[in-house]
Amino acid sequence: MVTSLRPKPGPVRGYRFPRFTDQILPSGIRLVTAPVAKLPVVTVLLIVDAGSANDPAGKEGVAALTAATLLEGTARLNGAELAEMFERLGTSVESGADWDSAFAKITMLSERADDAVTLLGQVLSEPSFPEREVERLKAERLAEILQLETEPRGLADEKFSEFLYSPASRYSKPDEGSAQSVSALSRSDVEQFYRARYRTGLTTVIVAGDVSVDDARTLVEKAFQEWASGSARGQQLIATAQTSQKIVHIVDKQDAPQSELRVGHVGLPRKNPDFFPTLVMNAVLGGLFGSRINLNLREARGYTYGASSYYDWRRGPGPFVVSTAVQSEVTAPALREIFLEIERIRSDRISEEELSLATDYLDGVFPIRYETTAAIASALASLVIYGLPADYYDTYRMHIRSVSIDNVLAAARAHLHPNELQTVVVGNAKVIRDSVAALEIGEMQVHES
Amino acid sequence: MRIPVETFHLDNGLFVTLSEDHTAPIAAVNLWYHVGSANEKIGRTGFAHLFEHMLFQGSAHVGSNEHFELIQRAGGTLNGSTWLERTNYFETVPSNELALALWLEADRMGELLPAMTQEKLDTQRDVVKNERRWAVDNQPYGTMLEKMQELVFPPSHPFQHSLIGSMEDLSAASLDDIAQFFATYYTPDNAVLSVAGDFDSKEALALIRDYFGPIPKGQGKPPLPSMTLPPVFGSRLREVVPDNVSLPRLFMAFRSPIFGSEEYYAASVASALLGMRKGSRLQRALVRERQIAADASAFTFDLAKASDLLVVDVTARPETPVGQLEEEVEREIDLLYRDGVSDEEVQRAIALIETDLVASLQSAGERADRLSMFATYFGDPKLVNEQADCYRRVTAERVNELVSERFGENNRASLIYVPREGVESETMLAAAAGAN
């Protein structure tokens, strides 16, 4: 027989987020270095303030296309040669743009870091943006958009943003652009975007891993010598909601065995004074396996494989979303439970047990999040992108611990808005529309997919 | 670069591997049960995976879902996964909570059945059916794994049936079936327990003896039916699947040497030079140069018995007819078969694989999982430290031998997804057939 005595935790062993240095190089590039000597691996993550939120109206997708096309050729090498050279060094560059930054990332064995970073410098400072490759990457993006038509999860996410934000908001359109905007992009759009935003004053290089601060500095200074200096203002972001009324959008998918559900409203910007209470509140609501929404929909009722909620943290107010996929027949009862859970966490205090589940988890899991050089680099990137204080990771656990039950209630009341909830259902309209209409969770609009 | 590995055997047959690393206060517990969908009986498919769910429903001293709650409360992460040959369960926890993770695993290995109820089974069956709808039925190309298994393994071969199981079999699973399957396979002598990270080996081993030691040895498991397969299919296999997808996509499979064999590493390098990253052959030729594909990659299943599979995966661009997709992929494979590979390509592939190997060992969970894998399949967790060398020994000559044995026309199985609307167009069907 296995002993019935539950083990008690041993004494906690201390942990500190890796020490890092933060300096501005003479070129204007900001360099953040975290020497971590566990294994002979280095990650270099370069971020430029050239994310999709900076796409000019009508040119949605240009930030992503620019970041991707960087790898398609320089003054000296074509795209195939570049890929070959990086890969012979045992690495490959991942580049792209998210809402708040463009990035290029490589992880390699430390003995090859010198050559790989030199090559990365060339990619960033002298891209040639060949016409043929711009057109190819556009075509590949269009193929991806076409794929979404038959991919219910991605389609639901995209439709949710489209119906949530005002059409003037950059957030209402996909970060990599729509079929219409991408088709219209040209090589010169890419080049113009590059010239406007890829500047030393808007760039941070993050080096994490088996490397010293001095070596990282020498390496980065050498690799990024010739690059446009200076800075530039970012574009003003509009992030208002499309409507203040509750609306239910059904995107019809005949024969769909499940309904993909998204319920939510415009959330909060990443940098806000209620970040920690809101994070803990969401963990209780839908952020953990043991959260209310998942236990209710999955474990109590068996409606779904999983249900969760999250705030999509961005510089601007990204969405708050509850996301799940349920068997078509139970679409209406599942939506009812989601609405009830949002009401419930606003009306009553959560229990001590619920609070401690969330805070114990977020506090305890902290060291596990930063086991790899890639994860450490990405954490440091968040500091830069959102302008968080240098001691953010040193005080994170204390901030989590200090959230109280009353803080959670206040965050729920301030940052969950039941009267503004937008609902998107990608599913079989014929099967679900009457029962969903009976819920009275907003005016119903049915769309062809 | 080598990680420390210690091994122990408990009297009840439990194989224990430990790997200390004190760089961060983290410990990973990883348990491999040597049971997968291959051990299921026809008519009872999906059991190994259904078990993955039932093992979180409580045991003698742990309530339903309490396993999840206790680990998350401790600040840990956890999950499980199921494959054709094995099932694994794992937790990564702050190192001062190692005892908790070990105890939870022991409690469910030793005493799952007292906590099992019809109600829990019914709920989890519904959850799994929804997992199937989500990941398989309502997902483009989601049926790939089960269609591929059906296409490339002969009927009644243990690898032939669906891993997640059919809706019918899931409905038919009874509490008795569950109890019997558990008693047969979830025993200490059919498991490997690995712990990696920040702990003292002596103390960890003492805990393991305390918690797992009292669990009785199993009665032995029924032998698998003969798994042996010829090295090649013998003829060309091909299936067209009209489905709710936007773009045609071709999965071309080759029988290849089993995981861990000397030839496996040559096959793995062949797979990487064909489809790993942008500099690979298929990416260069089909995506970049000829622009007929939106994406291309290649991978191996890593099966340690019978025969492994190497799979090439190419998605067409919208304007590429499915017939052309198939022809051009065939042409690339023919070219490889006829002319072989260069030393430069082999070195590129090995360099990429080596970086991935080292980078993945940064995580305690990955280290523990690999120790369990090598211990389960080959009885030798120290093989984790031999992998980079095994890859470095691969030469162009060895890859070419592999290619001439395995990439001929008698060893290609094509699974081709085509948009359902496209099927109505006869020209497209004719084109697909013409590529044969």
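Only a predicted model underlies this, so the values are computations on that prediction, with no experimental measurement involved.

Moving on, we get to the overall build of chain A. Check the secondary structure of chain A and you find 16 helices and 12 strands. Overall size of chain A, expressed as C-alpha extent along the three principal axes, is 65 × 60 × 45 Å. Taken over 449 residues, chain A has a buried fraction of 53%. When contacts within chain A are restricted to residue pairs at least 6 apart in sequence, long-range pairs at least 24 apart make up 82% of them.

A count of helices and strands for chain B gives 17 helices and 11 strands. Whereas a compact globule of 436 residues would reach a radius of gyration of roughly 22 Å, chain B reaches 23 Å, a difference of no more than 12%. Here the C-alpha coordinates of chain B stretch approximately 65 × 50 × 40 Å along the principal axes. Here chain B holds 436 residues, and 55% of them are scored as buried. Considering only contacts within chain B whose residues lie at least 6 apart along the sequence, 79% involve residues at least 24 apart.

Residues and elements named next belong to chain B. Summarising burial for strand S3 (residues 26-33): 8 of the 8 residues are buried, a large majority. The two faces of S3 match: Ile 26, Ala 28, Asn 30 and Trp 32 on one face and Ala 27, Val 29, Leu 31 and Tyr 33 on the other face are all buried. Strand direction decides the pairing type here: S3 and strand S5 (residues 87-94), joined by 8 bridges, are antiparallel. The residue of S5 that forms the bridge with Ala 27 is Val 93. With 7 bridges connecting them, S3 and strand S6 (residues 191-197) associate as antiparallel partners. Residue pairing across strands places Asn 30 opposite Ser 194, the latter belonging to S6.

What follows covers the nonpolar core. Formed by 274 residues in total, the largest nonpolar core has its most connected members in Leu 46, Leu 120, Val 280 and Leu 380 of chain A together with Val 269 and Ala 270 of chain B. Those residues within four positions of Ala 270 of chain B in sequence are excluded, and the remaining contacts are Leu 310, Val 399, Leu 402 and Val 403 of chain B.

Residue and element names in this part refer to chain A. For helix H5 (residues 152-164), spanning 13 residues, the distance from its first C-alpha to its last is 18 Å, which sits close to the expected 18 Å at 1.5 Å a residue. When we look at burial in H5, the residues that qualify are Pro 152, Ala 156, Asp 157, Glu 158, Lys 159, Phe 160, Ser 161, Phe 163 and Leu 164. Among the structural elements, helix H4 (131-148), strand S7 (247-252), strand S8 (258-266), strand S10 (319-327) and strand S11 (422-427) are those in contact with the buried residues of H5.

Okay, the sheet that holds S10 of chain A next. Residue and element names in this part refer to chain A. Taken in spatial order, the 6 strands line up as S9-S10-S8-S11-S7-S12 in an open sheet, and their pairing is mixed. Two strands bound the open sheet, and with one partner strand each, they are strand S9 (304-311) and strand S12 (443-448). With direction set aside, neighbouring strand axes in the sheet form an average angle of 15°. Pairing of S7 with S12 involves 6 bridges; the strand directions are parallel. Note on S12: the bridge partner recorded for His 249 is Gln 445. Where helix H10 (residues 292-300) meets the sheet, its contacts fall on S9 and S10, and the angle it forms with S9 comes to roughly 165°.

The interface is formed by 64 residues belonging to chain A together with 67 residues belonging to chain B. Taken together, the elements giving at least two residues each to the side of chain A that touches chain B come down to helix H2 (79-88), strand S5 (102-109), H4, H10, S9, S10 and helix H12 (352-364) of chain A. A breakdown of the residues in the side of chain A that touches chain B according to their chemical character gives 31 nonpolar, 18 polar and 15 charged.

All right, on to the packing of H10 of chain A against helix H11 (residues 331-347) of chain A then. Residue and element names in this part refer to chain A. Look at H10 against H11: their axes get within 10 Å of each other, and the N-to-C directions meet at 160°. Relative to H11, the element H10 is oriented roughly antiparallel. Judged by the twist between their axes, the crossing of H10 over H11 is right-handed. In contact with Arg 292, Ile 293, Asn 296 and Leu 297 of H10, H11 contributes Ala 334, Glu 337, Ile 338 and Glu 341. Broken down by class, the residue content of the contact of H10 with H11 amounts to 4 nonpolar, 1 polar and 3 charged.

Before going further, it helps to examine helix H9 (residues 275-287) of chain A. The terminal C-alpha atoms of H9 of chain A, which comprises 13 residues, lie only 14 Å apart, well short of the 18 Å expected from a rise of 1.5 Å per residue. Listed in full, the buried residues belonging to H9 of chain A are Pro 277, Thr 278, Leu 279, Val 280, Met 281, Asn 282, Ala 283, Val 284, Leu 285, Gly 286 and Gly 287 of chain A.

On to the packing of H12 of chain A against helix H14 (residues 392-401) of chain A. All names here are of chain A. Contact pair H12 / H14: the axes reach a minimum separation of 9 Å and the direction vectors enclose 175°. Between H12 and H14, the angle falls in the class roughly antiparallel. Residues Thr 359, Leu 362 and Asp 363 of H12 form the contact with H14, whose participating residues are Arg 397, Ile 400 and Arg 401.

What follows concerns unusual backbone geometry. Peptide bonds are, in most cases, trans, and in most cases residues other than glycine have a negative phi. Residue and element names in this part refer to chain A. Notably, Asp 255 is not glycine yet its phi reads approximately 70°, a positive angle. Along the chain, Asp 255 falls in the loop between S7 and S8. For Asp 255, a count of 10 C-beta atoms within 10 Å puts it in the exposed group.

We now examine the domain arrangement of chain B. Residues and elements named next belong to chain B. Along its sequence, chain B is organised into domain 1 (6-212) and domain 2 (237-434). Across the contact, 31 residues belong to domain 1 and 27 residues belong to domain 2. Counting only elements with at least two residues in the side of domain 1 that touches domain 2, the list comes to strand S2 (15-20), S3, S5, helix H5 (144-152) and S6. The residue inventory of the side of domain 1 that touches domain 2, partitioned by class, reads 18 nonpolar, 9 polar and 4 charged.

Residues and elements named next belong to chain A. You can read the domains of chain A as domain 1 (21-223) and domain 2 (247-448). Between domain 1 and domain 2, the contact holds 29 residues from the first and 25 residues from the second. Mapped by element, the contributors of at least two residues to the side of domain 1 that touches domain 2 are strand S2 (30-35), strand S3 (41-48), H5 and strand S6 (203-209).

Residues and elements named next belong to chain A. Burial within S11 is extensive, with 6 of its 6 residues counted as buried. Of the two faces of S11, both are covered, the one formed by Gln 422, Val 424 and Val 426 as well as the one formed by Thr 423, Val 425 and Gly 427. Note that S7 and S11 share 6 bridges and pair parallel. Its bridge partner lying in S11, Val 251 is registered against Val 426. Sheet topology note: the S8/S11 ladder contains 5 bridges and is antiparallel. Among the inter-strand pairings, Glu 260 is bridged to a residue of S11, identified as Val 426.

Parts of the model with low pLDDT should not have their predicted coordinates read in detail. All names here are of chain B. Scored by pLDDT, chain B has a mean of 94; 97% of the residues are at 70 or more. A low-confidence stretch, residues 423-436 stays under pLDDT 50, and its non-local contacts, those more than four residues away or across chains, total 20 contacts. Across the assembled chains, the prediction reports ipTM 0.94 with pTM 0.95.

This part covers the sheet that holds S3 of chain B. Consider a sheet: its strands pair through backbone hydrogen bonds, and that pairing is either parallel or antiparallel. Residue and element names in this part refer to chain B. In space, the 6 strands of this open sheet follow the order S1-S2-S6-S3-S5-S4, with mixed pairing throughout. Either end of the sheet is taken by a strand with one partner, and the two such strands are strand S1 (6-9) and strand S4 (77-82). Each adjacent strand pair in this sheet contributes to an overall mean axis angle of 15°, direction not counted. Here S4 runs beside S5; their pairing, made up of 6 bridges, is antiparallel. Bridge pairing links Gly 80 to Tyr 89 in S5.

Conventions and cut-offs
Residues numbered from 1 in each chain as written. Chains lettered and ligands numbered in written order. Predicted model: local features only at pLDDT ≥ 70, side-chain atom pairs only at ≥ 80, totals over all residues. Helix = DSSP H or I, 4+ residues; strand = E, 2+ residues; numbered from the N terminus. Buried ≥ 20, exposed ≤ 12 C-beta atoms within 10 Å, placed from the backbone. Contact = placed C-beta atoms within 7 Å. Rg over C-alpha atoms; globule rule 2.2 N^0.38 Å. Pairing = 2+ DSSP bridges. Core = buried A, V, L, I, M, F, W, Y, C linked by C-beta atoms within 7 Å. Expected span 1.5 Å × (residues − 1). Axes fitted to C-alpha atoms, helices over the stretch in contact; angles between N-to-C directions. Nonpolar A, V, L, I, M, F, W, Y, C, P; charged D, E, K, R; others polar. Parallel < 35°, antiparallel > 145°, perpendicular 65-115°, else oblique. Left-handed = near helix turned anticlockwise from the far one by under 90°. Domains from an automatic or database assignment. pLDDT = per-residue confidence, 0-100.

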